[in-house]
Structures are given as structure tokens and as C-alpha cells.
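Structural characterization, general
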Amino acid sequence: MAASTPETAPAAPAAAKRDRTHYLYIAVIVAVALGIAVGLIWPDAGVELKPLGTGFVSLIKMMISPIIFCTIVLGIGSVRKAAKVGAVGGIALGYFLVMSLVALAIGLVVGNVLHPGDGLHITQALKATGHDQVSADALPPVDFVLSIIPVTFVSAFTEGQVLQTLLIALLTGFALQAMGSAGQPVLRGVEHLQRLVFRILAMVMWAAPIGAFGAIAAVVGSAGVDALKSLAVLMLGFYVTCFLFVFVVLGVLLRAVAGLNIFTLLKYLAREFLLILSTSSSESALPRLIAKMEHLGISKPVVGITVPTGYSFNLDGTMIYMTMASLYIADALGTPMSIGEQIPLLLFLLLASKGAAGVSGAGLATLAGGLQSHKPALVDGVGLIVGIDRFMSEARALTNFAGNAVATVLIGTWTKEIDTVRVRQVLAGDLPFDETTLLDESVRPQTVVPEQGGEKELAKA
């Protein structure tokens, strides 16, 4: 019933606006092709174009904190029972832990079958490069938990820490929920702020072709063809493993729990995957994932809690990467690990990855830092994969993104905070996503109903 409104009023204009953004993403594809060409033909010039990609990703990142804040505050403010939010968070963290272990186990099996590091030789220069990757930013578990608490209420936004923003948003949402009708004017203000933020994000997206061109040219120019050839087995093995994880493991889960086809869901998120592929950063698509999951028919608390938390705790691609890379390095150094050595190392890396969730280039930095703490001799071999890490980071980012999209649908289903009729209409293309505002204006007003809306109204939104 709620889904019929968007079909009638905004249908015609939405189609016209969608055409304009269609050309935008065609331009992104062209920019990626040009970036690859520049990186191969003029590698030095390609590396100099890196600031274009970095600048675009930074523009996206500056929008993440306000979007998360608005989404969670509006979501919690429209739920009458605080226990519902706690249940969502508990189920999400439990699911993230299980899937991280599954991803580690899959990478372990593939790495032991392929043995891609056999026969390689390491030089002193590569050893030095490996030690350079050890990041001091990766925090031990206790310090990581304490780092979630911001210095001030505002610093959560200025420092760009996703989990700090999540904490402030949860506290604000619960406070407004406790205020009842007195908090409704504040919720309306936050709703207007959300519209403004999403409008700015839609404007920023028009710089995507420039960012994609610079990012791809820099990656190709810095790595070159030789690095790709020498490490092709590891790269191909990793890409195939990620592919199987997404389409077999996640696909079966999505079909069994939500009754949805993984191909249909990923087609709905095609533009986000293109954005990640062109920037090598899953964070560039985080705000759009929040908007699209809400448009799909999943309630705001589920989306607001699952997506930001998943970006720190549900890193399936990174888990597979660390498993295969660890085995690859051990084989290349001529010191293959037994299963008894592999399991403790990988469990340690599972914890270490949470402490480096916000670190730039977290995959490589976490791997190097984890090896330094648990098995220092293997840090010498990290330099072997530095040359292709950016290419592997794309597969990591795509897998992490797919994992969080599927997790949001699954948790929405388990908590009964999903409008299944709307989901099928959206995935069938009957209710198109508004690319120009990233908001579903006809549905949004239903979310700010702290007194009467309850959870049924929220599910409709």
C-alpha cells in the first residue's frame, strides 16, 4: 500500500532524471578505460593523476558522518521500543562474526590448495618494503573499543570516524525517543538536514568520472604489467575465491533466508559496484548503500546500524585476502605453515582487522601489523604483494560491499523490519531509485512518527 504512492506521482519526472545520471555512469566507464590506457602508455603521468581519485573519494567521505547520523537518529526516533534497536545490533554483530570465520576458512582452503607462493625468491629490498607497511595506526582490541568514544560530541563528525558517529547517533536517537512528542520538531529538523546532505552527495557524484580516471590511471601506472604477470596466480585465485564467496555462500544464504536472487540484488546495486571498481574504495559507496537499502524497503534502524557497523566488522573480502596472502607469503619465504600454525594466526588476524578498520589501505596495513605481532618473520614477505595490493583491494572492496548489502537484507528479514512486497517491486524495476536526490520523498515523511508510527509504520518506510 505504501509502495503504490511512489509509482503514481513522481514516476514521470524520475525517469527523466534517471536518464541524466545514466550518462554520468557511462562517462565513468569511459573514464576507467581512458585511465587504464594512460596508466599503461604513460605510467609516470598516470601516477601523477592520483590526487584526482583521492580528492573524489575524500568528497564522498566527508558526507559519510552526517548521513549516518541523520539515518540512525531518524530511524531510532521512530521506534517506540529501544529493545528493538538492541536486538538489531546483537543479531548484526553475531552474524558478522560468523561470516568472518566462514570467509577465513574459505581463504584457508583455497590457499592450501593453490600454494601460489612456491618457488618465489625475496630480496632485501622487498623485505624492507614489507616492514614499511606495518602501520602504527592499528590498535589492540581494548584501545580500539575505547577509540569509539569521541573526545567531544562534535569531534565524531570532524575526525571522520564512522564508529564514533554511530555512537553519537545512537545516543541522540534514544534521547529523542525518550522525549516522545517533544522531540518531534528536532526529528523534523534532522529530516531536513538529511535531505540537504543527500542533495549535496548527488551533486558530488557528478565528479565521479574525473575521480575514476585519476584513480585507475594511478593504480595501473604504479603497478605496471610486470607485477600483474609475476603474481597472476595469487590475483586470479583471490578473485575467483571472492566470486565464489559472493555468488555461492552469500547467494545461498540470501535465497534461503529472504527468498531473493543474489544476481537481482547485485544488479540493483550495479552503479555502486562501478563506483567501487573505479575508486578501489568501498567507502565511496557507503552513503549510496544506505539510501538504496532504505529505498529497497528495509527499516531505517536496521540500515542505519547494520551498514556502518558492517563497514568495520563485516569485511569478508579482507578476511579472504589476509588468509590467502599469509599462506602465499609463508610459501614464498620457504617456511610453509602447518594447519596448527595457520588457525591461531588467522584468529589473531580476525581480531586485528577490527582494530584497523578505519586505517587507510586497511587490508595491507592490517596484514603487516598482524604478522608483526603474531609471526614477525613473515613481515619480510609482505613486500611481495605491495605491487598488486591495489588491484586486489578492488576485489576486497567489492566483496565487502556485497557482504554488507546481503547482511542488511538478512538482518532486516530476521528482525521482520523489511517490506517484502516493496522489495520485490524495487528489484523488478517498478519503483526506480531517485538518482537525483538519493531520497524517496513520498515515503520519507512516514519515518518521523514517534508517537503512533511504531514499528509497522517504520517497516512501510
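This one's a predicted model, so the numbers in the text were calculated from it and none came from an experiment.

Overview of the overall build of the protein
On a plain count of helices and strands, the protein comes out with 22 helices and 0 strands. By residue count, 55% of the 461 residues in the protein fall in the buried class. Within the protein, counting contacts between residues at least 6 apart in sequence, those at least 24 apart form 85% of the total. Total accessible area computed for the protein in this model is approximately 18,600 Å², and 67% of it derives from carbon and sulfur atoms.

Details of the nonpolar core
Residues Leu254, Leu265, Leu269, Met293, Leu296, Ile385 and Val409 are the most contacted members of the largest nonpolar core, which totals 119 residues. Here the element with the most residues in this core is helix α4 (residues 50-77); it accounts for 12 residues. If we skip the residues at most four places from it in the chain, Val409 touches Leu254, Ala258, Leu260, Leu265, Met293, Leu296, Ile298 and Ile418.

Quick look at the environment of Leu163
Mapped onto the fold, Leu163 is located in helix α9 (residues 162-179). Leu163 sits in the buried class, given a relative accessible area of 12%.

Re α9
With 18 residues, α9 should reach 26 Å at 1.5 Å per residue; the first-to-last C-alpha distance of 26 Å fits that figure. Along α9, the residues classified as buried are Val162, Leu163, Gln164, Thr165, Leu166, Ile168, Ala169, Thr172, Gly173, Leu176 and Gln177.

Some thoughts on the packing of α4 against helix α16 (residues 300-313)
Running from N to C, α4 and α16 point in directions that differ by 140°, and their axes come no closer than 7 Å. Crossing angle aside, the handedness with which α4 passes α16 is left-handed. Each of Ile68, Thr71, Ile72, Leu74, Gly75 and Ile76 in α4 lies in contact with α16, whose residues at this interface are Lys300, Pro301, Gly304, Ile305 and Pro308. The class makeup of the residues in the contact of α4 with α16 is 7 nonpolar, 3 polar and 1 charged.

Focus: the packing of aromatic side chains
Applying the stated criterion across every chain, the model contains 8 aromatic pairs. Measuring from centroid to centroid gives 4.9 Å for Phe247 and Phe263, while their planes differ by 25°, and the two rings are stacked. One end of the pair, Phe247, is in helix α12 (residues 232-258); the other, Phe263, is in helix α13 (residues 262-268), with 16 residues separating them in the sequence. The exposure class assigned to Phe247 is partly exposed, which follows from its relative accessible area of 25%. Put simply, the rings of Tyr95, Phe96 and Trp414 touch in pairs and so form one group of aromatic residues. Lying across the ring of Tyr268, Lys292 places its NZ or CZ 4.8 Å from the centre. Arg396 extends its terminal NZ or CZ atom over the ring of Tyr321, reaching a point 4.1 Å from the ring centre.

Concerning the confidence of the model for the protein
Confidence along the protein averages 76 in pLDDT terms, with 75% of residues attaining 70 or more. By mean pLDDT, the top-scoring element of the protein is α13 (93), and the lowest-scoring one is helix α1 (residues 4-8) (38). Contacts from residues 1-19, a stretch scored under 50 in pLDDT, to residues over four places away or in other chains number 22 contacts. The low-confidence segment residues 123-134 (pLDDT under 50) makes 24 contacts with residues lying over four places distant or belonging to another chain.

Some words on helix α21 (residues 420-427)
If you check which residues of α21 are buried, you get Arg422, Val423, Gln425, Val426 and Leu427. If you check the start of α21, you find a side-chain oxygen 3.3 Å away from the backbone N of Val421, and it comes from Asp419.

Observations concerning the pattern of salt bridges
Per the counting criterion, the structure on display carries 4 salt bridges. With a shortest N-O distance of 3.3 Å, Lys300 and Glu294 are connected by a salt bridge. Glu294 carries the same exposure label as Lys300, and that label is buried. Three or more residues joined by partner-sharing salt bridges are found here, namely Glu272, Arg288 and Lys292.

Describing the environment of Ala217
Tracing the backbone shows Ala217 in helix α11 (residues 208-230). A relative accessible area of 0% means that Ala217 is categorised as buried. Considered as a pair, Ala217 and Ile41 are 176 residues apart in the sequence and their alpha carbons are 9.9 Å apart.

Side note on the packing of α4 against α9
Running from amino to carboxyl end, α4 crosses α9 at an angle of 30°, the nearest separation of the two axes being 8 Å. By the angle between their directions, the pair α4 and α9 is classed as roughly parallel. Where α4 crosses over α9, the two elements pack in a sense that is right-handed. Each of Ile64, Ser65, Ile68, Phe69, Ile72, Val73, Ile76 and Gly77 in α4 lies in contact with α9, whose residues at this interface are Val162, Thr165, Leu166, Ile168, Ala169, Leu170, Thr172, Gly173, Phe174, Leu176 and Gln177. Looking at the contact of α4 with α9, its residues break down into 13 nonpolar, 6 polar and no charged.

About the thresholds
Residues numbered from 1 in each chain as written. Predicted model: local features only at pLDDT ≥ 70, side-chain atom pairs only at ≥ 80, totals over all residues. Heavy atoms only, no water. Helix = DSSP H or I, 4+ residues; strand = E, 2+ residues; numbered from the N terminus. Buried < 20%, exposed > 50% of the residue type's maximum accessible area, 1.4 Å probe, protein only. Contact = heavy atoms within 4.5 Å. Areas by Shrake-Rupley, 256 points an atom, 1.4 Å probe, with all protein chains shown as cover. Core = buried A, V, L, I, M, F, W, Y, C linked by side-chain atoms within 4.5 Å. Expected span 1.5 Å × (residues − 1). Axes fitted to C-alpha atoms, helices over the stretch in contact; angles between N-to-C directions. Left-handed = near helix turned anticlockwise from the far one by under 90°. Nonpolar A, V, L, I, M, F, W, Y, C, P; charged D, E, K, R; others polar. Phe/Tyr/Trp six-rings, centres within 6.5 Å; stacked < 30°, edge-to-face > 60°. Lys NZ or Arg CZ within 6 Å of the ring centre and 35° of its normal. pLDDT = per-residue confidence, 0-100. Polar contact = N/O pair within 3.5 Å; in protein donor to acceptor, adjacent residues only side chain to side chain. Salt bridge = Lys/Arg side-chain N within 4 Å of Asp/Glu carboxyl O. Parallel < 35°, antiparallel > 145°, perpendicular 65-115°, else oblique.

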